[in-house]
Amino acid sequence: MMFSHDRNDFGPDFVFGVAMAAHQIEGGQTDGRGASIWDSFAATPGNIKNAENGVVACDHYNRWAEDLDLIRDGGFDAYRFSFSWPRLIPEGTGASNEAGFDFYDRLIDGMLQRNIKPLATLYHWDLPSALQDKGGWMNRDTTRAFADYATQITRRFGDRLATTATLNEPWCITILSHFLGIHAPGYRDIRAASRAMHHVLLAHGLGIDAMRAEGGKDLGIVVNMEKCEPLTQSPQDAAAAELGDAIFNQFFLDGALKGRYPKLVTDRIAQYLPANWQDDLKQISPPVDWIGLNYYTRSLYQSDPTVPVFPFTQSRGPLEKNDLGWETYPQALTEFLKRASDRYPGLPIYVTENGMSESDDGKRIEFFDKHFAAIRDAQKQGVDVRGYMAWTLIDNFEWAEGYSAKFGIVAMDPITRDRTPKGSYQAFQTMLHK
C-alpha cells in the first residue's frame, strides 16, 4: 500500500523529515548524564504503563548511525531531534558534561554527512531533576537556567543546525504535567500549572534572545494543537469548547507571538499566575522565524459547572480512532494551518509532528495520506507550509504509555532493540525517492 501523493505535489523546497525526542530513544545514561524528571517519574509506581522506563529506550545513543542511515535511506530530508538538557548540563546549571556534547557533535555531524538537515529542539520535556528540586517550571529561576543552556547549545552547535526550536508542546509541559498530572513531574495543582504556563513562555523568550545574541538563526517554537468542538449544540457546550480552544490552541502561540494571553484563560487563572506577570509579556514574545505545529486529533467538550477553574469535561467522538482512542480528523490540520497563517502573518509554518499509534500499518499509511491532503488544501489557500515531520521513526518509549504505543514507521524488537522497517516506511521511501 502506497501514498496517493508525490513529494513534488508540495513544492520544490518542501522538507520531509521524521521527529524523535531524546528521552524516548537515547538511553545511554552512563556518560555523565544527570537525572531527569522522567527518570524519577517512571520509577514511581503507577505512572507508566507496565512500569516501563527510558533507561535504555531505543539505544539511539549507541545506534545513532544506524538510525541516521534509516532516515537517509527512507528519502527524508531532515531529522527533528531534541537535546537532552541533563546530558549536557547534569545539574541544569553549572558544570557541563563534555561527553554529552561529544555525543551531539557525532550525531549532528552524522546528519550532515548524510545530507540530513538537523532540526533541533532545546527542550522536549526532560528537565534536569536538580532544577525540579528547586521547583522546576514553577520557579522563575529555571527560565534563566534555560537561557544559559540555550547559549551553550548555540555556541557549540548553532552553525550546524538548520532550525532550532526552544520548546516542544508547552501545553504538555504545563497543563498535562502540572494540572492533569499525567506526565512528569505529575502535579495536579492549578497554581503549579499556571506558574509553569507563564514560566515556560518566559524561558522561550529569554532563550530566543540568548540564541540571537550568539548569532543563532532560524529560531522558532513548537506547539501542539487539538481541535476543540462542543459535544452538543447547546450554548453551554459551545462556551466550553471556546474555552478549551483558548487554553489549548491560543494561550501559548498568542503569548509567544503576540505578547498577550487570551482573556478567557486569564480571567480564570490570574490569581494563580506569578505576581506582575504582565510585566513579562514583551520579554516572552521576541520575534521568531517560523512556527511548528504538532497535530493529532480532536476532543469534544461538555460544560460541567461542578468542575473548578475550567468547567468542562472532554471526550472522543465516533470517528475512526488509533489504538490510544484518538480520532482521525485531518480537516482540522488544514484549519490550524490557515488559522496560524492568518493570525501570525509572515511566518512560515512546519508540521513538526503528526502520526498514528496503530498496530495496523495500513491504517497508518491512510492516516499520513489524509494529512498530506490536508496540507495540500492549506497550501492551495495560500498558507506557507514549509515541511512535514512524521512522528515517529522508531517505536519508542511513549511517555506514560511506555512501549505499548506504536507510532513508529520502523518497528523495534523489545529485547534486541533491532529495527525492522514497516510498510509505512516503505511508502515514504517510494514517495520520497520519486
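Parameters at a glance
- Residues numbered from 1 in each chain as written.
- Predicted model: local features only at pLDDT ≥ 70, side-chain atom pairs only at ≥ 80, totals over all residues.
- Heavy atoms only, no water.
- Axes fitted to C-alpha atoms, helices over the stretch in contact; angles between N-to-C directions.
- Helix = DSSP H or I, 4+ residues; strand = E, 2+ residues; numbered from the N terminus.
- Left-handed = near helix turned anticlockwise from the far one by under 90°.
- Contact = heavy atoms within 4.5 Å.
- Nonpolar A, V, L, I, M, F, W, Y, C, P; charged D, E, K, R; others polar.
- Buried < 20%, exposed > 50% of the residue type's maximum accessible area, 1.4 Å probe, protein only.
- Pairing = 2+ DSSP bridges.
- Phe/Tyr/Trp six-rings, centres within 6.5 Å; stacked < 30°, edge-to-face > 60°.
- Parallel < 35°, antiparallel > 145°, perpendicular 65-115°, else oblique.
- Disulfide = S-S within 2.5 Å.
- Core = buried A, V, L, I, M, F, W, Y, C linked by side-chain atoms within 4.5 Å.
- Expected span 1.5 Å × (residues − 1).
- UniProt positions renumbered as here; feature names shortened; annotations may be inferred.
- Salt bridge = Lys/Arg side-chain N within 4 Å of Asp/Glu carboxyl O.
- Polar contact = N/O pair within 3.5 Å; in protein donor to acceptor, adjacent residues only side chain to side chain.

**Concerning the packing of helix 7 (residues 141–157) against helix 9 (residues 190–213)**
At a minimum axis distance of 8 Å, the contact between helix 7 and helix 9 shows a crossing angle of 35 degrees. Once helix 7 is placed against helix 9, the crossing between them reads as right-handed. Contacts between helix 7 and helix 9 involve Thr143, Arg144, Phe146, Ala147, Ala150, Thr151 and Thr154 on the former and, on the latter, His199, Leu202, Ala203, Leu206, Gly207, Ala210 and Met211. When its residues are assigned to classes, the contact of helix 7 with helix 9 shows eight nonpolar, five polar and one charged.

**A look at the pairing of strand 5 (residues 219–230)**
Of all 12 residues in strand 5, 11 are buried, a share of seventy percent or more. Here strand 4 (residues 163–168) runs beside strand 5; their pairing, made up of three bridges, is parallel. Bridged to threonine 164 within strand 5 is leucine 219.

**A few points about the packing of aromatic side chains**
Going through the model one piece at a time under the given rule, you end up with 48 aromatic pairs. Ring geometry for phenylalanine 83 versus tyrosine 104: centroids 4.9 Å apart, planes at 70 degrees, classification edge-to-face. Of this pair, phenylalanine 83 sits in the loop between strand 2 (78–82) and helix 4 (85–88) while tyrosine 104 sits in helix 5 (residues 98–113), placing them 21 residues apart in sequence. The class of phenylalanine 83 is buried, set by a relative accessible area of 0%. Geometrically, the ring pair formed by phenylalanine 101 and phenylalanine 157 is stacked, given 5.8 Å between the ring centres and 10 degrees between the ring planes. One end of the pair, phenylalanine 101, is in helix 5; the other, phenylalanine 157, is in helix 7, with 56 residues separating them in the sequence.

**Let's talk about the packing of helix 8 (residues 170–179) against helix 10 (residues 235–258)**
Relative orientation of the contacting elements helix 8 and helix 10 amounts to 130 degrees, with a least axis distance of 10 Å. By the angle between their axes, helix 8 is oblique relative to helix 10. The chirality of how helix 8 crosses helix 10 is right-handed. Packed against helix 8, whose contacting residues are Pro170, Trp171, Thr174 and Ile175, the element helix 10 presents Ile247, Phe248 and Phe252 at the interface.

**Thoughts on the state of the cysteines**
Enumeration over the complete set of coordinates arrives at zero disulfides. Cysteine 58 takes part in no disulfide bond, and the closest cysteine sulfur, belonging to cysteine 172, lies 19 Å away. Under the relative-accessibility criterion, cysteine 58 is labelled buried at 0%. In this structure cysteine 228 is not part of a disulfide, and its nearest cysteine sulfur, from cysteine 172, lies 13 Å away. Judged by relative accessible area, which is 10%, cysteine 228 ranks as buried.

**Quick word on the nonpolar core**
Ranked by size, the top nonpolar core spans 146 residues in total, and within it Tyr79, Phe83 and Phe428 carry the most contacts. Looking at which element gives the most residues to this core, the answer is helix 10, with 11 residues. Setting aside chain neighbours within four positions, we find tyrosine 79 in contact with Val18, Met20, Ile25, His60, Leu68, Ile71, Leu107, Met111, Ile116, Lys117, Pro118 and Leu119.

**Some details on helix 5**
Between its first and last C-alpha atoms helix 5 spans 22 Å; for 16 residues at 1.5 Å apiece the expected length is 22 Å, and the two agree. Where helix 5 is buried, its residues touch helix 1 (22–25), helix 3 (60–73), strand 2, helix 4, strand 3 (117–123) and helix 7. Just beyond helix 5, the residue with positive phi is asparagine 115, at close to 60 degrees.

**Considering the UniProt feature "active site" (unreviewed entry) in the chain**
On the UniProt side, "active site" (unreviewed entry) is annotated at positions that read Glu353 here. Among the secondary structure elements, glutamate 353 is positioned in strand 8 (residues 349–353). A relative accessible area of 4% places glutamate 353 in the buried class. Other than its neighbours up to four places away in sequence, glutamate 353 contacts Ala19, Arg80, His124, Asn168, Glu169, Leu293, Asn294, Tyr295, Tyr296, Met389 and Trp391.

**Observations concerning the pattern of salt bridges**
Under the criterion given, the structure shown has 34 salt bridges. One salt bridge connects arginine 419 with aspartate 67, and the closest N-O pair in it is separated by 2.8 Å. Linking arginine 419 in strand 11 (residues 419–421) with aspartate 67 in helix 3, this pair joins segments that are 352 residues apart in sequence. Close ionic contact of arginine 364 with aspartate 361 constitutes a salt bridge, the shortest N to O distance being 2.5 Å. Of the two residues, arginine 364 and aspartate 361 both sit in helix 13 (residues 361–380), three residues apart, roughly one turn of that helix. Assigned by exposure class, arginine 364 and aspartate 361 land together as buried. Here the residues in one salt-bridge network are Glu98, Asp102, Asp105, Asp109, Arg156, Asp159 and Arg160, joined through shared partners.

**Looking at the environment of serine 84**
Looking at the secondary structure, you find serine 84 in the loop between strand 2 and helix 4. For serine 84, a relative accessible area of 1% translates into the label buried. Placed 334 residues apart in sequence, serine 84 and aspartate 418 show a C-alpha to C-alpha distance of 23 Å. Apart from residues lying up to four places away in sequence, serine 84 is in contact with Ala22, Glu26, Arg33, Tyr104, Asp126 and Tyr149.

**Thoughts on the environment of arginine 160**
Summarising the element assignment, arginine 160 is placed in the loop between helix 7 and strand 4. Note: C-alpha distance between arginine 160 and aspartate 105 (55 residues apart in sequence) is 9.5 Å. Here aspartate 105 takes part through its side chain, which lies 2.6 Å from a polar atom of the side chain of arginine 160.

**Quick word on unusual backbone geometry**
Proline 185 follows alanine 184 through a cis peptide bond whose omega is 10 degrees. If you trace the backbone, proline 185 turns up in the loop between helix 8 and helix 9. Backbone torsion omega between tryptophan 391 and threonine 392 reads 10 degrees, so that peptide bond is classified as cis. Assignment of secondary structure puts threonine 392 in the loop between strand 9 (385–391) and strand 10 (410–412). Of note, the phi angle at alanine 57 is positive, near 50 degrees, even though the residue is not glycine. Within the element layout of this structure, alanine 57 appears in the loop between helix 2 (37–42) and helix 3.

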